[in-house]
Amino acid sequence: MTVRRPGDGPAPGLRRLVGTVRSYAWGSRTAIAALQGRPVPAPRPEAELWLGAHPDAPSALDGRPLTDVVAADPRGVLGGAVADEFGPRLPYLMKLLAAEEPLSLQAHPDAERARIAYAAEEAAELPPERRNYRDPNHKPELLVAVTEFEALCGFRPPRRAADALARLAVPGLRPLVERLRRPEPERALREAVTLALTLAPEVRAGLVAETAAACAALGGADPAYEVAARLARLHPGDAGVVVSLLLNHVRLAPGQAVWMPAGSPHAYLRGVGVEVMAAGDNVLRGGLTGKRVDVPELLRVLRFEPLESPVMTAEPVAPGVVRWAPPVREFALTRATVGSPVPEVELAAPSARVLLCLSGRVAVEDDGGTGRVVLTPGSAAFAPATVRTVTVSGEGEVFQATAAS
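Residues numbered from 1 in each chain as written. Predicted model: local features only at pLDDT ≥ 70, side-chain atom pairs only at ≥ 80, totals over all residues. Heavy atoms only, no water.

Honestly, the nonpolar core in this entry has me stumped. Any pointers?
As a rule of thumb, nonpolar side chains are buried together in soluble globular proteins. Leu165 and Leu168 are the most contacted members of the largest nonpolar core, which totals 52 residues. Looking at this core, the element that brings in the most residues is helix H10 (residues 223–234), giving seven residues. When sequence neighbours within four positions are dropped, the list of residues in contact with Leu165 reads Leu173, Leu176, Val177, Leu180, Leu245 and Leu246. Leu78, Leu90, Leu96 and Met312 belong to the second largest nonpolar core, which has 41 residues in total. (Core = buried A, V, L, I, M, F, W, Y, C linked by side-chain atoms within 4.5 Å. Buried < 20%, exposed > 50% of the residue type's maximum accessible area, 1.4 Å probe, protein only. Helix = DSSP H or I, 4+ residues; strand = E, 2+ residues; numbered from the N terminus. Contact = heavy atoms within 4.5 Å.)

Given below as structure tokens:
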């Protein structure tokens, strides 16, 4: 029997991957635990299951941090093209996200801004509590709903947002309405959002309270009103309540997805989803949170462009297989559904892959016959770039994340 030692490089073929559960206040005590067959409720909120090689919480492969596995043989694990383009790191992170309460109003920087701002904060030797940038990477992200999923994603067309605010008949909202009705959409959104997020605290508190009361009174006239009233109960006096009315309100059915490029404002509200993103951790927040808020930096990275629809449709690849391929090179996401009438499927990948089972019981086997893993809900596997194809059989649903390079 061959005994592997630290530094020997990656184990060959497909192997089971053990993720890390992250606990945040907005997480669920039931969703991830129940999926994995653990006792519920969990001792504390479980917000995300991380599957990847992010240094903050790397998954484990054969008992070793995946970060160490990649570092031992970057080209063998990632593939030469991915290692050349992104360096010795897995360029994406896969998550299972479970939101019981709303997340913050946020956006992520593009790659250039992340690189420049991270270098500036490093040079200034800022302490962690004063930093916005944890790394020099961007963080575009794709989320596929597992349960019904509710979110605020991207700006509404400004005239539609103006109409929604005007119907509330709150005098303090009139300056926002006037700005939103200007002819240039980008300027209209920029000026309205800037005004809302920079109101003096004594003005802001009263305006948010009046807006929330008007939203509650109108009830179901606009789903965004119900969301704003709920956010105001959780975050009284927060300007994010007003800004939420400028965003698209989205309800995803299981299997539907949203794509959030750099600079697009969003706030996930509740539900369970599979998320894959570039492996950065830079979040600029504008409100609806107890964490660090930096309005000037958020305004700098926001893209003030109306987003008619943030929903991304999957492309059929083969019977039982669909794929989401957003316009980034760090990742693509594939879903395979096996059972009747498709008993097995083959999944190809150009680089290292993470596979996550969401339902049923499936066997995943690599093309070299060196690895076979049986996956149940909430369990995962990893295969290096040397594995070109895996076969999924049984009955259930598996998501595969891989680099798009």
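Quick question: what am I supposed to make of the state of the cysteines here?
Using the criterion set out here, one finds zero disulfides in the structure. Cysteine Cys153 is unpaired, with the sulfur of Cys215 as its nearest cysteine sulfur at 19 Å. Taking relative accessible area as the criterion, Cys153 reaches 0% and is therefore assigned buried. (Disulfide = S-S within 2.5 Å.)

Can you walk me through empty space enclosed by the protein in this structure?
Gaps left between atoms show up when a probe the size of a water molecule is rolled over them. The tally for this structure, following the rule as stated, stands at one cavity of 30 Å³ or more. Approximately 30 Å³ is the volume found for the largest cavity. If you trace the largest cavity, you find it lined by Leu105, Val193, Leu197, Val243, Pro265, Leu298 and Leu302. Its residues placed into classes, the lining of the largest cavity shows seven nonpolar, no polar and no charged. (1 Å grid on protein atoms, 1.4 Å probe; cavity = no way out; pocket = protein on both sides within 12 Å on 5 of 7 lines; lining within 4 Å. Points joined across faces, edges and corners; volume = space filled by probe spheres on them. Nonpolar A, V, L, I, M, F, W, Y, C, P; charged D, E, K, R; others polar.)

Can you walk me through the layout of surface pockets in this structure?
Looking at the largest pocket, its volume works out to about 930 Å³. Only strand S3 (48–52), strand S6 (92–99), helix H5 (111–124), strand S12 (266–278) and strand S13 (284–287) provide two or more residues apiece to the lining of the largest pocket. Split into classes, the residues belonging to the lining of the largest pocket amount to 16 nonpolar, eight polar and 16 charged. By volume, the second largest pocket is sized at about 230 Å³. Considering only residue class, the lining of the second largest pocket consists of eight nonpolar, three polar and five charged.

Could you clarify how one ought to interpret the pattern of salt bridges in this entry?
A side chain with one charge may pair with a side chain of the opposite charge, provided their charged atoms come close. Scanning the entire structure with this criterion turns up 22 salt bridges. With a shortest N-O distance of 2.9 Å, Glu297 and Arg113 are connected by a salt bridge. Placement of the pair is Glu297 in helix H12 (residues 295–301) and Arg113 in helix H5, with a sequence separation of 184 residues. Close ionic contact of Glu148 with Arg251 constitutes a salt bridge, the shortest N to O distance being 3.4 Å. With Glu148 in the loop between strand S8 (141–145) and strand S9 (149–155) and Arg251 in strand S10 (residues 247–252), this residue pair connects regions lying 103 residues apart in the sequence. For Glu148, a relative accessible area of 53% puts it in the exposed group. Several salt bridges converge on common partners, so that one network encompasses Glu148, Glu150, Arg230, Arg251 and Arg270. (Salt bridge = Lys/Arg side-chain N within 4 Å of Asp/Glu carboxyl O.)

I'm lost on the environment of Ala348 in this one. Help?
For Ala348, the location among the structural elements is in strand S18 (residues 344–348). Ala348 sits 54 residues away from Thr402 along the chain, and the two C-alpha atoms are 9.7 Å apart. When near neighbours in sequence (up to four residues on either side) are disregarded, Ala348 contacts Arg353, Arg388, Thr389 and Gln400.

So what exactly am I meant to see when it comes to the environment of Leu199 here?
Assignment of secondary structure puts Leu199 in the loop between helix H8 (185–197) and helix H9 (201–218). For the pair Leu199 and Ala239, spaced 40 residues apart in sequence, the C-alpha to C-alpha distance is 8.0 Å. Apart from residues lying up to four places away in sequence, Leu199 is in contact with Arg204 and Leu207.

Where do I start with H8 in this structure?
Owing to its 3.6 residues per turn, the α-helix aligns residues three or four sequence positions apart on the same side. Look at H8: 18 Å from first C-alpha to last across 13 residues, which is about the 18 Å you get at 1.5 Å a residue. In this fold, the buried residues of H8 make contact with S9, helix H6 (158–167), helix H7 (174–180), helix H11 (240–244), S13 and H12. (Expected span 1.5 Å × (residues − 1).)

In this structure, what is going on with the confidence of the model for the protein? I would like to understand it.
Interpretation of this model should avoid reading the predicted coordinates in detail wherever pLDDT is low. Of the residues in the protein, 97% reach a pLDDT of 70 or more, and the chain-wide mean stands at 94. Contacts for the low-pLDDT stretch residues 1–11, under 50 throughout, to residues beyond four places or in other chains number 14 contacts. (pLDDT = per-residue confidence, 0-100.)

Just checking my understanding: could you explain the environment of Met260 for this structure?
Here Met260 lies in strand S11 (residues 257–260). For Met260, a relative accessible area of 0% translates into the label buried. In this structure, the C-alpha to C-alpha distance between Met260 and Pro310, residues 50 residues apart in sequence, is 7.3 Å. Setting aside anything within four residues of it in sequence, one finds Met260 in contact with Pro140, Glu141, Cys153, Gly154, Pro265, His266, Tyr268, Leu307 and Pro310.

For this particular structure, what's the right way to read the pairing of strand S19 (residues 353–366)?
Looking along a regular strand, one sees side chains alternate from face to face of the sheet. With 10 of 14 residues buried, S19 is to be regarded as a mostly interior element. Alignment of S19 against strand S21 (residues 380–383), held across four bridges, turns out to be antiparallel. Residue Leu355 lies in a different strand from S21, and its bridge partner there is Ala381. With 13 bridges joining them, S19 and strand S22 (residues 389–402) adopt antiparallel strand pairing. By the bridge assignment, Cys357 is partnered in S22 with Val398. Pairing of S19 with strand S20 (residues 372–375), which is carried by four bridges, proceeds in the antiparallel orientation. Across the sheet, residue Ala363 finds its bridge partner in S20, namely Val374. (Pairing = 2+ DSSP bridges.)

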